[in-house]
Amino acid sequence: MADAAAVDHGHRTGTGLSNNKLLMWVFLGSECLLFGGLISTYLIYRSRYADGPAPGDIFDIPFTSVSSFILLMSSLTMVLSLSALQRGDIRNNRVWLLATALLGSLFIGGQVYEFTTFLREGLGYTTSPFSSAFFTLTGFHGIHVSLGIVMLVSLLIASFRGTLTKERSETVEIVGLYWHFVDVVWIFIFTVIYLVPSPTS
Amino acid sequence: MSDTIELAAPGRPLGAYTRPKGGSGWRDWITTVDHKKIGILYGATAMFFFGVGGLEALLMRLQLATPDGTVLGADTYNRVFTMHGLTMVFMVIMPLAAAFANYLLPLQIGARDVAFPRLNALSYWVFLAGGLFLNMSWLLGDAPDGGWFAYAPNTGVIFSPGHGMDYYVLGLLIMGIASLVSAMNLIVTVLNMRTPGMTLFKMPVMTWMILVVQFLLLFAVPVITVALFLLMFDRNYGANFFNPEMGADPLLWQHLFWIFGHPEVYILILPSFGIISEVIPTFSRKPLFGYPFMVFSGIAIGFMGWGVWAHHMFVSGIGPISVAAFSMSTMFIAVPTGVKILNWLATMWGGKIKFTVAMLFAFGVVSMFTIGGLSGVTHSVAPADTQQTDTYYIVAHFHYVIFGGSLLGIFAGFYFWWPKVFGHLLSEKLGKWNFWLMLIGFNMTFGPMHILGLQGMSRRIDSYSPGFGFEFWNMFASIGSFIIALGVLMFVINVITSARRARHEPPVGPDPWDARSLEWFTPNPTPVHNFDELIQVDSLDEFWHRKYAEDENGRVVRVATAEEVCQDGSATDVHLPSPSYWPFVLAAGFPFVGFGLIYTLWICIPGALLILMAIYGWIFEPTDDPDGPHGHHAEDSSDHDGAEAPSEVVGETAEEAPVG
Amino acid sequence: MNTTTQNVEAHEGGHDHPTDAKYIRVAIVLGIVTALEVATYFVNIPGAILIPVLLGMMVFKFFYVAAWFMHLRFDSPMFTKFFVTGLVLATLVYGVLLTVFEFWTKG
């Protein structure tokens, strides 16, 4: 099996599953409740825009579509980096890790641009319940992405130091799970917050 | 002790840090990753906070003993009652449950430790950091005063302008991290680290209840995390989550809080249910009646607990449809709890009851929780709750279930497992004083509150006026609270004198109670490596079945003594997870960040640095002895906690264990 | 539940990893669906049709990323159970919350 990456052989576990991977999935289960709370708060408050801009007035769907697409593609590069490492292809593992980090950074850059544009257009953090909820939700998501980028860069550094080997591919897999989850949350946010018609003033 | 066990030698590090060797003294405790030591740390810390919360309670009862009390001013009373609730819930009951879970769960599933020993240590140190941080607010003059439930907009910056509620937010956020990490750890542990032969349905009910609690924590802590962040942002950054003037709805806080808060109360009670599910069968000398029902009712409580939260909000204006729906769901949740009570009673029925102190406390749980549960059922009837809510009737209810249920169960656990942890028994004689004083004092304090509540005495206020007829029962209750304090004092005296006495006596042998589950295989106190060799489990109550069998008439006969069945703890060369500084260092960063967010952001910087340094130190420290017997571990820079289950060294250990 | 411990396999659930080509095909499908989603912004579609369609596409993308990129399709069902439990619980609980706030009718 060219792609067999024996990480923890010899460690018997009750389920046959690796402790670390199970830990990440357990964590992702809890994150659903975190983002669910923030999303619900947003949905409850999206029509309460006080004297400020309403969501329908201010969202720039074409722009956000591009950044959403970028994040989606970063999931592809993430899985390609894992697949490369599972084959023992260290070089491409690095290439795709770097690509993922870059695409993620591009996404964050897009978020920053979007936020500053909104600010200029009169939607600040304190403008209304809608604005607070919007920035908090997307802000939390952005922090998650940023932490993911930190993890990706750490993996890259490890790779250049020679310690991110085929045997350790599970580590990349686990970081990948986190990264895909963050992408999946954005899939949800993009549809429910941006695409579903919003109140206008 | 540690000198008979070879701990992993520090491996060659990638960074500048080696793994500390185990040792003795304070360094041992700070760097320990041993689930047993961590359990003891949780227990001792929680009992310290129990004293703090108890003092807060006594102050409240002094204030309320007479009408128009002058012991505490209104502001101070608000702080005291807020901190009493926060302390008892988050710094006493939850960590006491964690103490039992940490110490016993790995033993009950036949493992040597949890799946992630360093994360386990982290949970404790972060809990301690959060608890101390929150209590620092007393010293800095600004303890939170909005009640443990912190309803907005009262807790917003307009009506709570000081820092008190910021301590609340940050203290709970920090402690929430501890709980979440612990929940993830224990879930993976139960799934992955069970000894051979132990299917999920051969685990003790206590293990099951703890597992359900971890799932509740896993999913509930994020919800209160959201609520706390929203409150923090409102208070500190001008957000508009709970500001009615900007169109926000303060009820959002209540919903988010209670979506967490209701599962939280099941988090508080299920560990005690688990404890008495072990104590009662042991001292009835009968297996637990209806094991599958006990397991499934626990799981059912876990599920159903998510659907009842707004029963805390019946009079908040959510409307009749919501009220009716939550009223019904709340009535339904009484069913699985009732199933448990019936099963405990059925276990005792026809059994040969031994009235040890542990069993007395277990009786206490069954009876007191039933009372509390019955008042709970009356709350579920929404029209009746309209009268009951915000009165002392509610205070009576939740003290009956939390004190009468959770706390008495924990004391049952103390008396039951004390020999396992410390190697000697607590005095049964003093224990009986402990129990009866606590039980009588408790009923004196909280029983009359049902009456006071129905007579109309408000809760959450610092005093009551004369002439309403509240005087007698309040005085009665206040006297009762001091009797509780006496009872607790008996416990403290028991702990101290039993330890002293134990120095002159031979250690208690294995299995002092003729018990049923795996933790009793080890000698008392438990050796650092837990089991000499891993146990192959063939049945529920495996330990019992090694000692007893049924003869041809179906009667239970003893086939082996405890000495024959139990291990002698003499195994050497057991590979254990290495100690580590980093959990402690990581946890130490949090209070700095908290103080920084409250006072000045500069203080955040050392906190953030500590946290970052600890994370990378953790990642880069060698996972264990790289030459250890369980496979290759190159020094790794992976970002996972690399302590794998040492259980696979069974083979080596069994061969090396001295015979006899 | 497994009653005996098992060696952690190199890849739980077998060794049928998708090839890179397969991943890219999945990504292309996801890209197309995204394009369709965005297209709805430019076309006037009544809300009663638009919202279910958008949600349907969202679920489709969600499922594909989880099943293929997160490897759930090939891995032990236990991982899926954890994830789905969190998702379902969040959906139910927050769904009730939104109902109490009359989101579906007034939101």
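> Before we move on, can you summarise the confidence of the model for chain A with the specific residues and values?
Of all residues in chain A, 95% attain a pLDDT of 70 or more, and the chain-wide mean is 93. Within the model, the stretch residues 1–10 of chain A combines pLDDT values under 50 with 31 contacts to residues more than four positions away or in other chains.

> Before we move on, can you summarise the interface of chain A and chain B with the specific residues and values?
Counting residues at the interface gives 41 residues for chain A, matched by 40 residues for chain B. For the side of chain A that touches chain B, the secondary structure elements donating two or more residues are strand E1 (12–13), helix H1 (19–45), helix H5 (129–160) and helix H6 (169–195) of chain A. Tallying contributions element by element places H1(A) first for the side of chain A that touches chain B, with 16 residues. A breakdown of the residues in the side of chain A that touches chain B according to their chemical character gives 16 nonpolar, 19 polar and six charged.

> Which residues make up the domain arrangement of chain C, and what values go with them?
When cut into domains, chain C gives domain 1 (18–74) and domain 2 (76–107). Inter-centroid distance (C-alpha atoms) of domain 1 of chain C to domain 2 of chain C is 20 Å.

> Can you explain helix H4 (residues 90–120) of chain A? Please cite residues and give values.
Residue and element names in this part refer to chain A. Along its 31 residues, H4 runs 45 Å from first to last C-alpha, staying within 8% of the 45 Å computed at 1.5 Å per residue. Considering only its buried residues, H4 is in contact with helix H2 (55–58), helix H3 (61–87), H5 and H6. Backbone geometry just after H4 places Gly 122 at a positive phi near 100°.

> Talk me through the environment of B:His399; I want residue IDs and the actual numbers.
Here B:His399 lies in helix H12 (residues 392–422). In sequence terms B:His399 and B:Phe116 are 283 residues apart; their C-alpha atoms lie 35 Å from each other.

> An account of the environment of A:Phe130 is needed here, citing residue identities and associated values.
Residues and elements named next belong to chain A. Assignment of secondary structure puts Phe 130 in helix H5. On the neighbour-count criterion, Phe 130 (28 C-beta atoms within 10 Å) is buried. Once the C-alpha coordinates of Phe 130 and Thr 165 are considered, the two residues, 35 residues apart in sequence, prove to be 47 Å apart.

> Pulling in residues and values, what's your account of the packing of helix H3 (residues 74–108) of chain B against helix H7 (residues 251–284) of chain B?
The relative placement of two packed helices comes down to the angle between their axes together with the axis-to-axis distance. All names here are of chain B. The N-to-C vectors of H3 and H7 enclose an angle of 35°; their axes lie 10 Å apart at closest approach. The way H3 lies across H7 gives a crossing that is left-handed. Between H3, through Val 89, Ile 93, Met 94, Ala 97, Phe 100 and Ala 101, and H7, the contact on the second element is made entirely by Ile 267, Leu 268, Pro 271 and Ile 275. When grouped by side-chain class, the residues that make up the contact of H3 with H7 number 10 nonpolar, no polar and no charged.

> Give me the lowdown on the nonpolar core, citing residues and values where you can.
Residue and element names in this part refer to chain B. Ile 187, Ala 227, Phe 361, Ala 362 and Ala 412 are the most contacted members of the largest nonpolar core, which has 301 residues in total. The dominant element in this core, judged by the number of residues it contributes, is helix H6 (residues 205–237), at 23 residues. Excluding residues that lie within four positions of it along the chain, Ala 412 makes contacts with Ile 275, Ile 276, Val 279, Ala 358, Phe 361, Ala 362 and Val 365.

> Can you explain the interface of chain A and chain C? Please cite residues and give values.
Every contact between the two is made by 51 residues of chain A and, on the other side, 49 residues of chain C. For the side of chain A that touches chain C, the elements supplying multiple residues, two or more each, are E1, H1, H3 and H6 of chain A.

> Mind laying out the confidence of the model for chain C, listing which residues take part and the relevant values?
For residues with low pLDDT, the predicted coordinates do not support detailed interpretation. Residues and elements named next belong to chain C. Scored by pLDDT, chain C has a mean of 86; 85% of the residues are at 70 or more. Low pLDDT, under 50, characterises residues 1–5; the predicted model gives this stretch 12 contacts beyond four residues in sequence or across chains. Within the model, the stretch residues 9–14 combines pLDDT values under 50 with 12 contacts to residues more than four positions away or in other chains. Scoring of the predicted complex yields 0.92 for pTM and 0.94 for ipTM.

Thresholds applied
Residues numbered from 1 in each chain as written. Chains lettered and ligands numbered in written order. Predicted model: local features only at pLDDT ≥ 70, side-chain atom pairs only at ≥ 80, totals over all residues. pLDDT = per-residue confidence, 0-100. Contact = placed C-beta atoms within 7 Å. Helix = DSSP H or I, 4+ residues; strand = E, 2+ residues; numbered from the N terminus. Nonpolar A, V, L, I, M, F, W, Y, C, P; charged D, E, K, R; others polar. Domains from an automatic or database assignment. Expected span 1.5 Å × (residues − 1). Buried ≥ 20, exposed ≤ 12 C-beta atoms within 10 Å, placed from the backbone. Axes fitted to C-alpha atoms, helices over the stretch in contact; angles between N-to-C directions. Left-handed = near helix turned anticlockwise from the far one by under 90°. Core = buried A, V, L, I, M, F, W, Y, C linked by C-beta atoms within 7 Å.

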